[in-house]
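Reading the structure
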Amino acid sequence: MDGVRMMALWMAVFFAVTAAAAWLVLFPAARDGVLAGADRLFSRLAAVLGRWQSRAADRASESSQSARATSQRAMRLFGRHRNLLLVAALLLAVPPLVILQLRQRVVLDGFEGGTAVASNNHVLRLLRGERLAPPPELPPAVFVAAEAELLRSAGTTTSAGETPQAISGADRKWNRIDPVFQQRVLAIYQVMREQYGYEMVLVEGYRSPERQAALARKGGGTTRAGAGQSCHQYGLAVDSALYRDGKLQWDMGDAWTKRGYFLYGRLAQEAGLEWGGSWRSIKDYVHLELKTACRAARRAAGH
């Protein structure tokens, strides 16, 4: 609501400035009156400055006389170009108001407060269009191989997230993900593929409280959230991976992979989602969540 009031205020200011400018341009008599008023104002200012300078001259030394001379020169220069300065001030005020008016910010239903998406954003256009269908799931062998590779390389390379555990058995059913959140994730996937050439794969969506508790007990930096505390338990978080040449790509030491995850994070933040790569402690580049809805779900569940 505050955003609507602010936009209305800017629109009113812009209208007033535009109307004033048109009035001055179209009506010479009005323009002459304004310029005459400006002349009177400048004359009064000059008189005030003159009186101040006169009093200062009585008390000042040679240095104050020099300052007075400088001020007089400035006033003469100002007086000679006052009409030009008035027009310049008006012209400088108009462009920022035009930009503020034309810079439309749109917030979709359910977006977090304060999180806006520019009206020319690819994700926004997709979310306003037809409902997106989840992609077919990859063969289980892809996830088995990815888990084995991560276990082999654990501790020797930097992965996109803290090493996922038992990803081969993770839940990847899209119908267990919150419908609003699901559409935002699918829109990000589509933009990643069509605009940037990156294929994204769902690694884990819903996570049972039992699995969450087991991951928390196992430690290793994978998660600090216990049962009921993770957004995965409410269908409001996903872990996704880049997919290339038949393999999931995790290595942040690879330039292509690093660029892909940062694009993924940027699009997620534009869509009003929380990205694990922006966290201060654990950097979980594969993780997205719908934070505000997740907080409400945790409160409702007593967590």
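Structure: above.
Residues numbered from 1 in each chain as written. Predicted model: local features only at pLDDT ≥ 70, side-chain atom pairs only at ≥ 80, totals over all residues. Heavy atoms only, no water.

**A few points about the overall build of the chain**
Summing up its helical and strand segments, the chain has 10 helices and 7 strands in all. Looking at the chain as a whole, 36% of its 303 residues qualify as buried. Looking at the chain alone, contacts between residues at least 24 apart form 67% of all its contacts between residues at least 6 apart. When the accessible surface of the chain is split by element, carbon and sulfur atoms take 59% of a total near 17700 Å². (Helix = DSSP H or I, 4+ residues; strand = E, 2+ residues; numbered from the N terminus. Buried < 20%, exposed > 50% of the residue type's maximum accessible area, 1.4 Å probe, protein only. Contact = heavy atoms within 4.5 Å. Areas by Shrake-Rupley, 256 points an atom, 1.4 Å probe, with all protein chains shown as cover.)

**Quick look at the pattern of salt bridges**
Enumeration according to the criterion identifies 9 salt bridges in this entry. Between glutamate 270 and arginine 266 there is a salt bridge, and its shortest N-O distance comes to 3.9 Å. In this pair, glutamate 270 and arginine 266 both sit in helix H9 (residues 255-270), 4 residues apart, roughly one turn of the helix. Residue arginine 266 is classed as partly exposed on the basis of its relative accessible area, which comes to 37%. Across the salt bridge formed by lysine 291 and glutamate 274, the nearest N and O atoms sit 3.9 Å from each other. Of this pair, lysine 291 sits in helix H10 (residues 291-300) while glutamate 274 sits in strand S6 (residues 274-275), and the two are 17 residues apart along the sequence. Judged by its relative accessible area of 25%, lysine 291 is partly exposed. (Salt bridge = Lys/Arg side-chain N within 4 Å of Asp/Glu carboxyl O.)

**Considerations on the packing of helix H7 (residues 179-196) against H9**
Across the interface, H7 lies against H9 with an axial gap of 10 Å and an inter-helix angle of 130°. By the angle between their directions, the pair H7 and H9 is classed as oblique. Crossing of H7 over H9 shows right-handed handedness. Across the interface between the two elements, Ile188, Tyr189, Val191, Met192 and Tyr196 of H7 pack against Arg259, Gly260, Leu263, Tyr264, Arg266, Leu267 and Ala268 of H9. For the contact of H7 with H9, the class distribution of residues is 9 nonpolar, 1 polar and 2 charged. (Axes fitted to C-alpha atoms, helices over the stretch in contact; angles between N-to-C directions. Parallel < 35°, antiparallel > 145°, perpendicular 65-115°, else oblique. Left-handed = near helix turned anticlockwise from the far one by under 90°. Nonpolar A, V, L, I, M, F, W, Y, C, P; charged D, E, K, R; others polar.)

**Some words on the nonpolar core**
In terms of nonpolar packing, the biggest core is built from 48 residues, with Ile188, Trp250, Tyr261 and Tyr264 touching the most fellow members. Elements with a minimum of two residues in this core: helix H5 (122-127), helix H6 (140-153), H7, strand S3 (199-204), strand S4 (237-244), H9 and H10. Top element by residues in this core is H7. It accounts for 8 residues. In this structure, tyrosine 264 is in contact with Ile188, Tyr189, Met192, Met200, Val238, Ser240, Trp275, Tyr285, Val286 and Leu288, ignoring residues within four places of it in sequence. (Core = buried A, V, L, I, M, F, W, Y, C linked by side-chain atoms within 4.5 Å.)

**Remarks on H9**
The end-to-end C-alpha distance of H9 is 23 Å, a good match for the 22 Å that 16 residues give at a rise of 1.5 Å each. Those residues of H9 that sit buried are Thr257, Gly260, Tyr261, Leu263, Tyr264, Gly265, Leu267 and Ala268. N-capping of H9 is provided by aspartate 254, with a side-chain oxygen placed 3.3 Å from the backbone N of tryptophan 256. A positive phi of about 85° marks glycine 272, the residue just after H9. (Expected span 1.5 Å × (residues − 1). Polar contact = N/O pair within 3.5 Å; in protein donor to acceptor, adjacent residues only side chain to side chain.)

**Overview of the state of the cysteines**
Should the sulfur atoms of two cysteines be covalently bonded, the bond is a disulfide. Tallying each qualifying case throughout the model produces 1 disulfide. Between the sulfur of cysteine 231 and that of cysteine 294 lies a disulfide, 2.1 Å long from S to S. Linking cysteine 231 and cysteine 294, the disulfide has an S-S dihedral of approximately -100° and is accordingly described as left-handed. Of this pair, cysteine 231 sits in the loop between helix H8 (209-218) and S4 while cysteine 294 sits in helix H10; the two residues are 63 residues apart in sequence, bridging distant segments of the chain. You can call cysteine 294 buried: its relative accessible area is 0%. (Disulfide = S-S within 2.5 Å.)

**A word on the packing of aromatic side chains**
Across all of its chains, the model carries 6 aromatic pairs by this definition. Summarising the aromatic geometry, the rings of tryptophan 174 and tyrosine 189 are spaced 5.7 Å apart at their centres and angled 85° between planes, so their arrangement reads as edge-to-face. Placement of tryptophan 174 in the loop between H6 and H7 and of tyrosine 189 in helix H7 is noted, with a sequence separation of 15 residues between them. Taken individually, tryptophan 174 and tyrosine 189 each receive the classification buried, so the pair is uniform in this respect. Aromatic side chains tyrosine 198 and tryptophan 256 sit 4.5 Å apart centroid to centroid with 35° between the ring planes, which places their arrangement in the tilted category. (Phe/Tyr/Trp six-rings, centres within 6.5 Å; stacked < 30°, edge-to-face > 60°.)

**What to know about the environment of glutamate 137**
Along the chain, glutamate 137 turns up in the loop between H5 and H6. Note: C-alpha distance between glutamate 137 and tryptophan 174 (37 residues apart in sequence) is 9.5 Å. Only 3.5 Å separates the side chain of glutamate 137 from the side chain of arginine 172, close enough to count as a polar contact.

**Things to note about the side chain of glutamate 289**
Here glutamate 289 is to be found in strand S7 (residues 287-289). A distance of 2.7 Å separates polar atoms of two side chains, one belonging to glutamate 289 and the other to histidine 287. Those residues in contact with glutamate 289 that lie beyond four places of it in its chain are Phe181, Cys231, Leu236, Ala237, Leu273, Glu274 and Trp279.

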